[in-house]
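A look at the structure
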Amino acid sequence: MSTAPTSIGAIAAGPGRTVYIETYGCQMNVSDSELILGVLADRGYAAVAEPSRADVILLNTCAIRENAETRVARRVGQLISERRSTRRVRIGLAGCMAQHHRDRLLERIPGLDFVVGPDGYRRLADLLEADEPAIAVQLDRRETYADILPMRERGVRAWVTIMRGCDRFCTFCVVPFVRGRERSLPPDVLGEELVRVASEGFREVVLLGQTVNSYRHGETGFGELLRMACDVQGIERVRFTSPHPADFDDATIAALGECPKLGAYIHLPLQSGSDSVLESMQRGHTLDEYRRLVARLRAAVPSLALSTDIIVGYPGETDDDFEATSRVMDDIGFDHAFLFKYSPREGTRSFRLEETVDETAKGERLERLIAEQQARSLRINRQMIGRTTEVLVESSPKKQPDWLSGKNAQFKTVAFEPAGPTGARHGELASVLVEAATSQTLSGREIGRA
Ligand code: SAM
Ligand code: SF4
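What counts and what doesn't
Residues numbered from 1 in each chain as written. Chains lettered and ligands numbered in written order. Predicted model: local features only at pLDDT ≥ 70, side-chain atom pairs only at ≥ 80, totals over all residues. Heavy atoms only, no water. Helix = DSSP H or I, 4+ residues; strand = E, 2+ residues; numbered from the N terminus. Rg over C-alpha atoms; globule rule 2.2 N^0.38 Å. Buried < 20%, exposed > 50% of the residue type's maximum accessible area, 1.4 Å probe, protein only. Contact = heavy atoms within 4.5 Å. Areas by Shrake-Rupley, 256 points an atom, 1.4 Å probe, with all protein chains shown as cover. Lys, Arg positive; Asp, Glu negative; His and termini not counted. Charge placed at Lys NZ, Arg CZ, Asp CG, Glu CD. Phe/Tyr/Trp six-rings, centres within 6.5 Å; stacked < 30°, edge-to-face > 60°. Lys NZ or Arg CZ within 6 Å of the ring centre and 35° of its normal. Salt bridge = Lys/Arg side-chain N within 4 Å of Asp/Glu carboxyl O. Near = heavy atom within 4 Å. Polar contact = N/O pair within 3.5 Å; in protein donor to acceptor, adjacent residues only side chain to side chain. Pairing = 2+ DSSP bridges. Axes fitted to C-alpha atoms, helices over the stretch in contact; angles between N-to-C directions.

1. As for the overall build of the chain
Across its full length, the chain holds 13 helices and 22 strands. Computed over its C-alpha atoms, the radius of gyration of the chain comes to 22 Å, within 12% of the 22 Å expected for a compact globule of 450 residues. Expressed as lengths along the three principal axes of its C-alpha atoms, the size of the chain is roughly 60 × 60 × 45 Å. Sorting the 450 residues of the chain into buried and exposed places 55% on the buried side. Within the chain, residue pairs in contact and separated by at least 24 positions form 71% of the contacts whose partners lie at least 6 positions apart. Total accessible area computed for the chain in this model is approximately 19,600 Å², and 49% of it derives from carbon and sulfur atoms. When the 58 positive and 64 negative side-chain charges of the chain are each reduced to one mean point, those points stand 3 Å apart.

2. Looking at the packing of aromatic side chains
Evaluated as defined, the whole model comprises six aromatic pairs. Summarising the aromatic geometry, the rings of F169 and F177 are spaced 5.3 Å apart at their centres and angled 80 degrees between planes, so their arrangement reads as edge-to-face. What makes F169 partly exposed here is its relative accessible area of 22%. Residue classification places F177 among the partly exposed residues on the basis of a relative accessible area of 37%. When the ring of Y265 is compared with that of F411, the centres are 5.2 Å apart and the planes differ by 15 degrees; the resulting orientation is stacked. Note that Y265 is positioned in strand 15 (residues 265-267) and F411 in the loop between strand 19 (404-408) and strand 20 (413-417), a separation of 146 residues in sequence. Taking the relative accessible area as the measure of exposure, Y265 reaches 18% and is therefore buried. A residue is classified by how much of its surface remains accessible, and F411, at 24% relative accessible area, is partly exposed. The ring of F411 is capped by K407, whose NZ or CZ atom sits 4.6 Å from the centre of that ring.

3. What to know about the pattern of salt bridges
What the rule picks out here adds up to 37 salt bridges. Of the charged contacts in the structure, one is a salt bridge between D32 and R164, with a shortest N-O distance of 2.9 Å. Here the residue D32 occupies a position in helix 1 (residues 27-41), and R164 occupies one in strand 9 (residues 163-164), the gap between them amounting to 132 residues. The residue R168 makes a salt bridge to D247 at a minimum N-O spacing of 2.9 Å. One end of the pair, R168, is in the loop between strand 9 and helix 6 (175-179); the other, D247, is in the loop between strand 14 (237-241) and helix 9 (250-258), with 79 residues separating them in the sequence. Judged by its relative accessible area of 18%, D247 is buried.

4. Details of the site of ligand 1
The immediate surroundings of ligand 1 are formed by 15 residues, with Q210, P269, Q271, D309 and S343 found nearest. R65 has a polar side-chain atom sitting 3.2 Å from a nitrogen atom of ligand 1. For ligand 1, a nitrogen atom lies 2.7 Å from a polar atom in the backbone of S343. In isolation ligand 1 exposes 560 Å². Once the protein is present, 94% of that is buried.

5. Let's talk about the side chain of R376
Tracing the sequence through the fold places R376 in helix 13 (residues 359-382). Residue contacts for R376: discarding those within four places in its chain leaves S326, M329, D330, G333 and F334.

6. Overview of the sheet that holds strand 21 (residues 429-437)
With mixed pairing, five strands are arranged side by side around a closed barrel as 18-19-20-22-21. The sheet shows a mean angle of 50 degrees between the axes of neighbouring strands, taken without regard to direction. Across four bridges, strand 19 lies against strand 20 in antiparallel orientation. Each residue of the ladder has a partner; that of L404, found in strand 20, is F416.

7. Regarding the side chain of R345
Mapped onto the elements of the fold, R345 is located in the loop between strand 17 (336-341) and helix 13. Polar side-chain contacts of R345 include one of 2.9 Å to the side chain of E69. If we ignore the near neighbours within four places in the chain, the residues touching R345 are A63, I64, R65, E66, E69, H100, F172, V174 and F351.

Structure (structure tokens):
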């Protein structure tokens, strides 16, 4: 889950047209931005890292909460006002917010040149040729972009979208409306993609989908796909996000227990610790079912780290419901949590429900869960002090450029003092003795190659 916008650096130099992309929201959007670059590369565009050098400026947007949209509206207004009239620079919006508001965006944001939804990327280059503001927001339940090669920025971790859309229609969520119905990519296409990713030097893959574990294409379910990914030579770790608690099957849990490359981390959104709120949200499971799933996952992977998503202030959430959430988070002992204030989204079922928790109370509930989670994360992370952990090296910490950092199997960030010339380099696994911990990171020193 990412919140700060990311921009994709230059992938090719050349005399042709240039595009700058800023990505908001979740990893699906990061992956879609790579797809958009793939679509545009076919039409001669090269990516640049600054808007001032671009012929096309595209913001790939999120619609999940209102504040995500407000931020993009501000940013696009700023980019439009900074545009110089000496060059023809096209500025537009892509992704979920584009789909959510469609042509209303062209009315509301003077100077906007194009609006393209998640199923319209094939038409993007044509939209850019148009003389008038142009729009492509038709959802297409068959579109998987299976034939498009994404342009990935080189690194250790590759995002691989395995399914698109969502059929669950949780009452609060705009995703099924802006990303359309669920569809999975063919396993042979994904197999080739994974081999290509490994040959390009990526060492970790993250399989992506809104309900990633509901993946199914013909006879191939998610469990088989996980095993297939783990069999790819050169890939050291396979992760996935976000699974839905009601979509785990035996084959997936068996794969988790048997394939060491699958790591020991699952992001398992809970949303609320109260059964009545879960029911009202139409999440498709009870609290007890969630707890039993956690017990099965921990039995399969004893060192499992868990994170979750929680929404506070959903319509009808009482003090008791909120206290139940706080208690459950502690009982389960989440390593990390993404915590949100409920944001009513137009078009969803809960949009019609009367809001019963005011902004102040939502804020107080959020603050309390944040404080509790920070203390919990610190407590859990401190238990790692004195132990050895295996880190896939990906970069150097900004504040300590002579150190290295990466993620361990539990997806925790570990910064460490390298062993010197014999130590692990980027893309390799290091054994690190943990000597200190905060609520966010572990740190220590390398004691050998893993
Ligand atoms: N598909 C994933 C699942 O069901 O677990 C979640 C995808 S959603 C993009 C990420 C998270 O955003 C959700 O788990 C939920 O906590 C949060 N979210 C979605 N709609 C929201 C809303 N209207 N207000 C606040 N948070 C919301
Ligand atoms: Fe949204 Fe629910 Fe689908 Fe997740 S499962 S994307 S929360 S509708």
